[in-house]
Amino acid sequence: MPTTVILGAGIIGLSTAHSLTQLAPPNHRIHLVDPAPQLFSSASGKAAGFVAKDWFSPAVAPLGNLSFALHRALADKHHGRARWGYSESISYSLDHTHYDEIANASTRPSPGSSVDGHKDEIAASGTNSSDGPGGLDWLLNNASRATVVEGDAVEKAQSESADVENAVDLPLWLRAKPEALQVISDRKSTAQVHPRQLCEFLLEQCLAAGVTLHHPARATKLWRDETDPEGFTRVRVEYLGPLAQTSGGRTRTVDIPCDGIVIAAGCWTPQVFATLFPNASRMPRITHLAGYSVTFKSKHWPPVPTPTDKQALRAPTDSSACHAIFTHAGGFAPEIFSRATGDVWLGGLNPASTPLPELPTEAQIDPKEVERLLTVAYVLCGEDIEIRGQALCFRPVSASGRPIITRMHEADLGDGPKPGGHDGAGGVYIATGHGPWGISLSLGTGQVLSELVLGRKTSADVSALMKW
């Protein structure tokens, strides 16, 4: 019986499991394994939830287009506006020179406020310099994400939008002068979701479809019972936390026969890979990008009413559109997103010196970094905002600056047991390195990866993402 084990139950792993439930035959078994005591405790639950259609380099563009369409289709089918805050969004670039307070927000040295610590490694491939718009150069240089939008796209968005000074789409929760705002994308090419709520929905759908969740648990080894006439490779899953021991005091484990393994563990992918394939000839080159954020409520941005009409769900009225604001501050590039759920998310502070914890729940928040974000929040959104939360998450970045979505060649796995696959399907797959675009590219990644696992033609050309 075909069985796929997915290691990592974040947005990429869940999207893959969800897609497999839709595409695989009924007898295909799917297992999800995640070691974190709390699911969605890193970027899958704490990221902004910004979704873009055409903000990507040529190598990633087909995946970006597919994923954007899948986000919209999923929201249409399952009332995404109400369930995970799906909404079309309008993006603006905010000229920071109108705000001396945020232009000088950082009064302390900030040598680690970007990914400078990983810059040489990421740029070594030369990929970012040749990718053009949509690469990660903006991230490496403390610039705004808005710089990846090509001039033609900006001109198109501006031509289809009303003058900012008179537009009903102006974000009322932002203390911005109209002349400081420039429209860079319209509601046809950007959207907004609440990432944790989207993950919770996908998990609910997966469990209802028969997916087995092992949590908290981790894969510890691959092994093969030589006396088994079928010769299946098994992955040993060891339970953690309250489930770690049996009533007799023994370590609780389960051995899952499988012909396919998907490693979608984000920043922790190299560790998972090394555990299962300790003699591999090479390891995935993934670094981590830390990201601080705060969420708050504004009296000028109440929760958006949920329409009952399906078309209204996908195309909200002007007054209910969400917004994305990109600007600059002292040493970093703040990003601010309003969500249909009534909260506002502010981030963009990515200190390279922040170490990767063993588990995402062990991340240690630096109050000084949070204070830098709050300075921007109060200046741009008012002193009367209500702070609702602060977070630190970690995003995986590959050596090329692009996602890695690939089937591993058997020669790269070293000696030892490995899933054999069959008829062009199965084997070992990796999906990671999405950087700050994990939520946006999630559904497309899940579909493409499912198609690879099943030995089918992919819905988007990801050939450039198979190189690692």
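Residues numbered from 1 in each chain as written. Predicted model: local features only at pLDDT ≥ 70, side-chain atom pairs only at ≥ 80, totals over all residues. Heavy atoms only, no water.

## Examining the overall build of the chain
Next up, step 1: Helices and strands together make up the secondary structure of the chain, namely 14 helices and 18 strands.
Next up, step 2: Looking at the chain as a whole, 58% of its 468 residues qualify as buried. (Helix = DSSP H or I, 4+ residues; strand = E, 2+ residues; numbered from the N terminus. Buried < 20%, exposed > 50% of the residue type's maximum accessible area, 1.4 Å probe, protein only.)

## Examining the packing of aromatic side chains
Next up, step 1: A full pass over the atoms with the stated rule returns 12 aromatic pairs.
Next up, step 2: Aromatic side chains Trp55 and Trp437 sit 6.3 Å apart centroid to centroid with 75° between the ring planes, which places their arrangement in the edge-to-face category. Note that Trp55 is positioned in the loop between β3 (50-52) and α3 (61-78) and Trp437 in the loop between β18 (427-432) and α14 (438-453), a separation of 382 residues in sequence.
Next up, step 3: Overall, the relative accessible area of 4% leaves Trp437 in the buried class.
Next up, step 4: Look at Phe273 and Phe277: their rings are 5.2 Å apart centre to centre, the planes differ by 45°, and that puts the pair in the tilted class. Take Phe273 and Phe277: they sit in the same class, and that class is buried.
Next up, step 5: Clustering of aromatic rings is evident, with ring pairs tying together Phe50, Trp55, Phe56, Phe326, Phe337, Trp345 and Trp437. (Phe/Tyr/Trp six-rings, centres within 6.5 Å; stacked < 30°, edge-to-face > 60°.)

## Thoughts on the pairing of β18
Next up, step 1: When you tally the buried positions in β18, you get 6 out of 6 residues, the bulk of the element.
Next up, step 2: For strand β17 (residues 404-407) and β18, the ladder comprises 4 bridges, and the chain directions are antiparallel. For Ile405, the partnering residue across the bridge sits in β18 and is Ala431. (Pairing = 2+ DSSP bridges.)

## Notes on the packing of helix α1 (residues 11-23) against helix α10 (residues 195-208)
Next up, step 1: α10 packs onto α1 with a crossing angle of 35° between their chain directions and a minimal axis gap of 9 Å. Read as a crossing pair, α1 and α10 show a hand that is left-handed. Of α10, the residues touching α1 (which contributes Ile11, Leu14, Ser15, Ala17 and His18) are Leu198, Cys199, Leu202, Leu203, Gln205 and Cys206.
Next up, step 2: Residue composition of the contact of α1 with α10, grouped by class: 8 nonpolar, 3 polar and no charged. (Axes fitted to C-alpha atoms, helices over the stretch in contact; angles between N-to-C directions. Left-handed = near helix turned anticlockwise from the far one by under 90°. Contact = heavy atoms within 4.5 Å. Nonpolar A, V, L, I, M, F, W, Y, C, P; charged D, E, K, R; others polar.)

## Focus: unusual backbone geometry
Next up, step 1: Residue Pro216 follows His215 across a cis peptide bond; omega there is -10°.
Next up, step 2: Structurally, the position occupied by Pro216 is in the loop between β7 (212-214) and β8 (217-224).
Next up, step 3: We note that Phe40 has phi near 60°; this positive angle belongs to a residue other than glycine.
Next up, step 4: Of note, the phi angle at His79 is positive, near 55°, even though the residue is not glycine.
Next up, step 5: For His79, the position within the fold is in the loop between α3 and α4 (80-84).

## Focus: the layout of surface pockets
Next up, step 1: Approximately 290 Å³ is the volume found for the second largest pocket.
Next up, step 2: If you trace the second largest pocket, you find 15 residues lining it, with His18, Gln22, Leu70, Leu74 and Gln447 closest to the centre.
Next up, step 3: In terms of residue class, the lining of the second largest pocket is made up of 6 nonpolar, 8 polar and 1 charged. (1 Å grid on protein atoms, 1.4 Å probe; cavity = no way out; pocket = protein on both sides within 12 Å on 5 of 7 lines; lining within 4 Å. Points joined across faces, edges and corners; volume = space filled by probe spheres on them.)

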